[in-house]
Amino acid sequence: MPQESKPVSYGGQAVIEGVMFGGKHVNVTAVRRKNQEITFLEVPRQDKSWLQKIRKIPFIRGIVGIIDSSAKGSKHLTYSADAYADDELEPEERAKQKEKEESSMSLTMMLGVAAVGVISFIVSKLIFTLVPVFVESFLFGKMFENYIVHNLIEGVIKIALLLVYLWAITLTPVVKRLFQYHGAEHKVISTYEAGEELTVANVQKHTRLHYRCGSSFMMLTIILGVVIYSIVPWDNMLERVLQRVILLPVVIAVSFEFLKLTNSLREVPVLRYLGYPGLWLQLLTTKEPLDAHVEVSIASFNRMLELDAKLGNAEVSEPLRNGVLDTVKG
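Read on for a plain summary of the structure. (Residues numbered from 1 in each chain as written. Predicted model: local features only at pLDDT ≥ 70, side-chain atom pairs only at ≥ 80, totals over all residues. Heavy atoms only, no water.)

**Here we look at the overall build of the chain**
From N to C terminus, the chain includes 12 helices and 5 strands. A total of 330 residues make up the chain; the buried ones form 42% of that total. Nonlocal contacts in the chain, meaning residues at least 24 apart in sequence, comprise 71% of its contacts between residues at least 6 apart. Accessible area for the chain stands at about 18,400 Å²; split by element, carbon and sulfur atoms hold 63% of it. (Helix = DSSP H or I, 4+ residues; strand = E, 2+ residues; numbered from the N terminus. Buried < 20%, exposed > 50% of the residue type's maximum accessible area, 1.4 Å probe, protein only. Contact = heavy atoms within 4.5 Å. Areas by Shrake-Rupley, 256 points an atom, 1.4 Å probe, with all protein chains shown as cover.)

**Focus on the side chain of Q243**
One can find Q243 in helix α10 (residues 237-264). Given the relative accessible area of 7%, Q243 is considered buried.

**Thoughts on the nonpolar core**
One finds F21, V188, L198, F301 and M304 to be the most contacted residues of the largest nonpolar core, which totals 25 residues. Of all the secondary structure elements, the ones that give two or more residues to this core are β2 (18-22), β3 (26-32), β4 (38-44), α7 (173-193) and α12 (291-311). Take this core: its biggest share by element is 9 residues, from α12. In terms of nonpolar packing, the next biggest core, distinct from the first, is built from 12 residues, I66, F121, L220 and I252 among them. (Core = buried A, V, L, I, M, F, W, Y, C linked by side-chain atoms within 4.5 Å.)

**Considering the pattern of salt bridges**
Summed over the entire model, instances satisfying the criterion amount to 16 salt bridges. Of the charged contacts, one joins R32 and E295 as a salt bridge, the two residues approaching to 3.0 Å between their closest N and O atoms. Here R32 is found in strand β3, whereas its partner E295 is found in helix α12, with 263 residues between them in sequence. Taking the relative accessible area as the measure of exposure, R32 reaches 11% and is therefore buried. Given a relative accessible area of 37%, E295 falls into the partly exposed group. We note a salt bridge from K187 to E288, for which the minimum N-O separation is 3.3 Å. Of this pair, K187 sits in helix α7 while E288 sits in the loop between α11 (276-285) and α12, and the two are 101 residues apart along the sequence. Among the charged side chains, a network of salt bridges with common partners joins E136, E154, K158, R240 and R244. (Salt bridge = Lys/Arg side-chain N within 4 Å of Asp/Glu carboxyl O.)

Dropping the structure here:
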């Protein structure tokens with residue numbers, strides 16, 4: 001596949017029974033429906049000029065990018081979840097459900113899908129940051145006086161909780177398929193970055209692990225968090241909790257920059273190992289996809305590239321309509 005001298009670093013995320021890819025001008029989600037049809041959600045990106053400028057500022061861009069991804073990604077996750085739920089309903093139940101949705105206003109509708117996505121990210125990040133603090137204090141609070149030792153143990157507890165959580169959710173069929181689509185997303189990006197044609201056979205040859213993955217980001221926030229939290233000492237639980245909350249944006253910003261660094265060094269001998277902890281975590285957050293999962297991922301990526309090319313030379317004034325791809329015709 002021919003590419004420019006400086007190709008775009010495309011990213012994506014797995015959704016329920018599908019994959020979302022983000023382009024320069026549009027975000028596209030492709031979802032496999034129960035009747036094997038692939039449907040699309042196509043949302044043009046209309047970032048403000050000031051937001052585009054902030055995205056270029058080191059450290060600040062990490063926080064802005066994560067929040068923006070949470071806001072926009074939630075819309076695509078909601079679309080895939082609604083499609084999955086709709087497929088599970090009988091025709092009569094589907095009609096009743098639609099009437100119920102039209103006659104009531106849910107919390108998500110009142111706050112906005114994007115706002116709910118951002119709030120969910122912040123709350124979950126705070127919970128994952130603070131719970132290990134209390135667990136470590138309860139188990140080892142009186143064993144050591146050195147706060148750095150407590151920080152190290154806290155980091156180990158975070159990793160243990162993360163691994164147990166990821167292992168537990170992979171036991172459910174839906175999440176297992178989600179992680180297979182996650183693997184398919186990585187394989188498609190790797191195939192594109194290698195300059196190869198996006199066919200199922202070519203995509204399946206590539207690894208399901210990728211340096212720019214959000215799973216790597218999660219691992220980096222734990223490892224770098226131990227280092228950053230150890231710079232500022234604390235004497236009691238209140239100081240420790242406040243320190244974690246105040247320094248959380250710093251941890252996110254530094255982790256984002258380090259993730260970009262590991263991606264740029266992935267072809268450099270020795271230095272490529274800096275990204276290995278994140279790749280190891282992806283052994284849990286991705287699964288080897290089937291050809292059917294890869295087909296959906298390719299459809300999403302190709303549709304994104306197609307719309308990116310069209311929208312690159314035109315202003316978008318209206319939202320794109322959902323599209324449908326005939327899987328038999330390709």
